[in-house]
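So you can see what is in the structure, the chains are spelled out below.
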Amino acid sequence: MSRLTGPAPSAAATRPPGGAERRRWAAVAVVSVCVLVPFMDITMIGIDLTKITRELSITWVGAQWAVGGYLLVCGVCMLVVPAVGGRWGYRRTLAAGFTLFGVGAVVAAWAPGAGVFIAARVAMGVGAAVVLPAWVSIISAMFPPESRKRAFAAGAAFVSATTPFGPIIGGALLDRAWYGSLFVLDAVIVALVVPFVLWLTPETRAGGGRRPDLIGIGLAACAATALFAAFAGARPGWQLMACLAAVVAALAAFVRRQRTAVDPLIDLVVLRRPGFIWSQLTISSVNFAWTGLLFLLPVYLQVVRGASALMVALLLVPLAAMASVASLVTERVTRRLGVRWTVICGLLVFAVGLALFSLVVDRPGYALFVAALALVGLGAGLPQAPALVAALGALPERSAANGPGVVNALRHIGGALGVAVGGLAVATIFTNGLAGSGAAAAHASVVDLAAGATGSLAAAAFTEGVATSLRGGAVLLAALAVLAMLLPERPTRQRDDTTSGR
């Protein structure tokens, strides 16, 4: 699940010639398309994953790195982009990053093997990291304060309304073409949009910004990567312990760096603020459960239920549509219930949806299946914006500039871990379910075995792995809701430099 969030620097901008109203709104549409394409990527690659693993002979662990690695790199790079864009110019940064996304898509489309494909996905993640900070900065530069909120709302509404159509188009395409057709579609959109970005949008910079704490960012990246590696596949005990030791060492070095750096990435005083910790856990956990579901569900539908790519896309429409609707009404709900209870309600609805889904995932028919997906979408869309406001409101003034980037980075890392943990649950239960000769190969070829020669036994094991992952997500979200009920009520300081939407 993604949100349109980021810092809005006080930018000195050169407005488009004439400053015509239609030109400004055309620019909003163009930069919103730049946001839309990476937003749709996680759903579309989920639908494409079965073909990718088969046509490129990618293992289940490789599939986790292809999806989760994209999110991991995107999150880490978001810590650097504000400083780069502020100095180099956000229009130029957006054009360069979106072009890199397109080039990565072309390489992914014609990748000769798993290694090149995963590297291309990493490049796409770097390119995707630029769009949210640039989106906020460019729109802030084009519109005066009194109309800026309307421009952000229009851009967010555009992304929300069009997001469900991407998977449908992609599913129809995949039923008739090879796996790379979706990446070619991405590249074509990039080629069409980048010239309009350069023509319609103003250049905007945030002068006098701080230099990024590259050492701190590097340590955070090491910790996140090691944690992802620990869960991305059923590893032998010594490998798991080595990964976890690397996580502890990198985090310890990161904490020390933040205490001694002149311009730390974030003021560690936030760790003593329950409101920030709870809000950040909510944002990251919602994306953990959401992304894990989007990773597992399309594969399950295709390899176990035999659904076509288009059918998978159509089944995901209630999920995306309800998430979009919930995101659009969150502000109104928050005014009635307050931040805390809006988040609690969203978490509980999300948890109920996942629990219901785990009960009906192996049943014939799709009525309860769709109802569960609609509940999941509703629950996922409600808590993110108010939790984001609470997290940003709890930041100390010293972290005002970097804080939104840190929140976004942790959100993406949470999504990556959802892919790793969900994939681990399926691989472990699937392997244990094939207690015979197939068990040794199960970890490497989960997709083929679930649909292939091992028949109903493998399909049942794969289904149980998906159901277990869903139950785990439901327990996590319910626990967060209970934690929210127990926290003392504190006023939330809202920031005006944040925009959210689906």
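Presented here is an overview of the structure given in this document. A quick note: this is a predicted structure, and the numbers were derived from the prediction, not measured.

**Considering the overall build of the protein chain**
Part 1 of the reasoning: If you tally the helices and strands in the protein chain, you get 19 helices and two strands.
Part 2 of the reasoning: Within the span of the protein chain, comprising 502 residues, buried residues form 56% of the whole.
Part 3 of the reasoning: When contacts within the protein chain are restricted to residue pairs at least 6 apart in sequence, long-range pairs at least 24 apart make up 86% of them.
Part 4 of the reasoning: Carbon and sulfur atoms provide 68% of the accessible area of the protein chain, an area that totals close to 19200 Å².

**As for helix α16 (residues 403-433)**
Part 1 of the reasoning: Given a rise of 1.5 Å per residue, 31 residues ought to cover 45 Å, and the 44 Å separating the end C-alpha atoms of α16 matches this to within 8%.
Part 2 of the reasoning: A large share of α16 lies buried, amounting to 23 of its 31 residues.

**Structural notes on the nonpolar core**
Part 1 of the reasoning: If you look at the biggest cluster of nonpolar residues, it comprises 147 residues, and the most contacted ones within it are F117, F183 and F357.
Part 2 of the reasoning: It is helix α1 (residues 21-55) that contributes the most residues to this core, 17 residues altogether.

**Notes on the pattern of salt bridges**
Part 1 of the reasoning: Inspection of the entire model under this criterion finds six salt bridges.
Part 2 of the reasoning: Linking E203 and R91 is a salt bridge whose minimum nitrogen-to-oxygen distance equals 4.0 Å. Of the two residues, E203 is situated in strand β2 (residues 203-205) and R91 in helix α4 (residues 90-109); the sequence distance between them amounts to 112 residues.
Part 3 of the reasoning: Classification of R91 as partly exposed rests on a relative accessible area of 24%.

**A closer look at helix α15 (residues 384-393)**
Part 1 of the reasoning: The buried count for α15 comes to nine of 10 residues, which makes it a mostly enclosed element.
Part 2 of the reasoning: Three or more residues of α15 are buried, namely Q384, A385, P386, A387, L388, A390, A391, L392 and G393.
Part 3 of the reasoning: On the buried face of α15, the contacting elements are α12 (274-303), α13 (309-360), α14 (367-381) and α16.

**A short note on the packing of aromatic side chains**
Between two aromatic rings, the relevant description is the distance of the centres plus the angle of the planes.
Part 1 of the reasoning: In this structure the tally under the stated criterion is 14 aromatic pairs.
Part 2 of the reasoning: Summarising the aromatic geometry, the rings of W135 and F152 are spaced 5.3 Å apart at their centres and angled 50° between planes, so their arrangement reads as tilted. With W135 in helix α6 (residues 131-142) and F152 in helix α7 (residues 145-162), the pair connects residues that are 17 residues apart, well separated along the chain.
Part 3 of the reasoning: According to the relative accessible area criterion, W135 is buried, its value standing at 0%.
Part 4 of the reasoning: According to the relative accessible area criterion, F152 is buried, its value standing at 6%.

**Side note on the packing of helix α2 (residues 60-77) against helix α10 (residues 214-231)**
Part 1 of the reasoning: Closest axis-to-axis distance for the α2/α10 pair is 11 Å, and the angle between their directions is 160°. Comparing the axis directions of α2 and α10 gives the class roughly antiparallel. Crossing hand, α2 versus α10: right-handed. Listed contacts from α10 to Q64, W65, G68, G69, L72 and V76 of α2 are I217, A221, A224, T225, F228, A229 and F231.
Part 2 of the reasoning: A class-by-class count of the residues in the contact of α2 with α10 yields nine nonpolar, four polar and no charged.

**Here's the deal with the environment of A66**
Part 1 of the reasoning: Following the sequence through the fold, A66 ends up in helix α2.
Part 2 of the reasoning: Between the C-alpha atoms of A66 and I118, which are 52 residues apart in sequence, the distance is 5.0 Å.
Part 3 of the reasoning: Excluding anything up to four places from it in sequence, A66 contacts F117, I118 and R121.

**Describing the side chain of T204**
Part 1 of the reasoning: Tracing the backbone shows T204 in strand β2.
Part 2 of the reasoning: Since its relative accessible area comes to 0%, T204 is described here as buried.
Part 3 of the reasoning: Looking at T204, its side chain comes within polar contact range of the side chain of S137, at 3.5 Å.

**Structural notes on the environment of S324**
Part 1 of the reasoning: By the element assignment, S324 lies in helix α13.
Part 2 of the reasoning: When the C-alpha atoms of S324 and A157 are compared, they prove to be 8.5 Å apart, with 167 residues separating the residues in sequence.

**A few points about a nonpolar patch on the surface**
Part 1 of the reasoning: On the surface, L337, W341, L348, V482, M485 and L486 cluster together into a nonpolar patch covering about 570 Å² of accessible area.
Part 2 of the reasoning: Mapped by element, the contributors of at least two residues to the nonpolar patch are α13 and α19 (455-486).

**Examining the packing of α1 against α7**
Part 1 of the reasoning: As a packed pair, α1 and α7 sit with axes 9 Å apart at the nearest point and diverge in direction by 45°. With respect to α7, the element α1 is oriented oblique. For α1 against α7, the interelement crossing comes out right-handed. Mapping the contact onto sequence places E21, W25, V28, A29, S32, V33, V35, L36, F39 and M40 in α1 and R150, A151, A154, G155, F158, V159 and T162 in α7.
Part 2 of the reasoning: Grouping the amino acids of the contact of α1 with α7 by side-chain chemistry returns 12 nonpolar, three polar and two charged.

**Quick word on the side chain of S140**
Part 1 of the reasoning: Looking at the element boundaries, S140 is found in helix α6.
Part 2 of the reasoning: A relative accessible area of 7% places S140 in the buried class.
Part 3 of the reasoning: At 2.7 Å, the side chain of S140 and the backbone oxygen of V136 are in polar contact.

Calculation criteria
- Residues numbered from 1 in each chain as written.
- Predicted model: local features only at pLDDT ≥ 70, side-chain atom pairs only at ≥ 80, totals over all residues.
- Heavy atoms only, no water.
- Helix = DSSP H or I, 4+ residues; strand = E, 2+ residues; numbered from the N terminus.
- Buried < 20%, exposed > 50% of the residue type's maximum accessible area, 1.4 Å probe, protein only.
- Contact = heavy atoms within 4.5 Å.
- Areas by Shrake-Rupley, 256 points an atom, 1.4 Å probe, with all protein chains shown as cover.
- Expected span 1.5 Å × (residues − 1).
- Core = buried A, V, L, I, M, F, W, Y, C linked by side-chain atoms within 4.5 Å.
- Salt bridge = Lys/Arg side-chain N within 4 Å of Asp/Glu carboxyl O.
- Phe/Tyr/Trp six-rings, centres within 6.5 Å; stacked < 30°, edge-to-face > 60°.
- Axes fitted to C-alpha atoms, helices over the stretch in contact; angles between N-to-C directions.
- Parallel < 35°, antiparallel > 145°, perpendicular 65-115°, else oblique.
- Left-handed = near helix turned anticlockwise from the far one by under 90°.
- Nonpolar A, V, L, I, M, F, W, Y, C, P; charged D, E, K, R; others polar.
- Polar contact = N/O pair within 3.5 Å; in protein donor to acceptor, adjacent residues only side chain to side chain.
- Patch = residues over 30% accessible without salt bridge, like charges linked within 9 Å, V, L, I, M, F, W, Y side chains within 5 Å.

In short, shape yes, function no, at least from these values alone.
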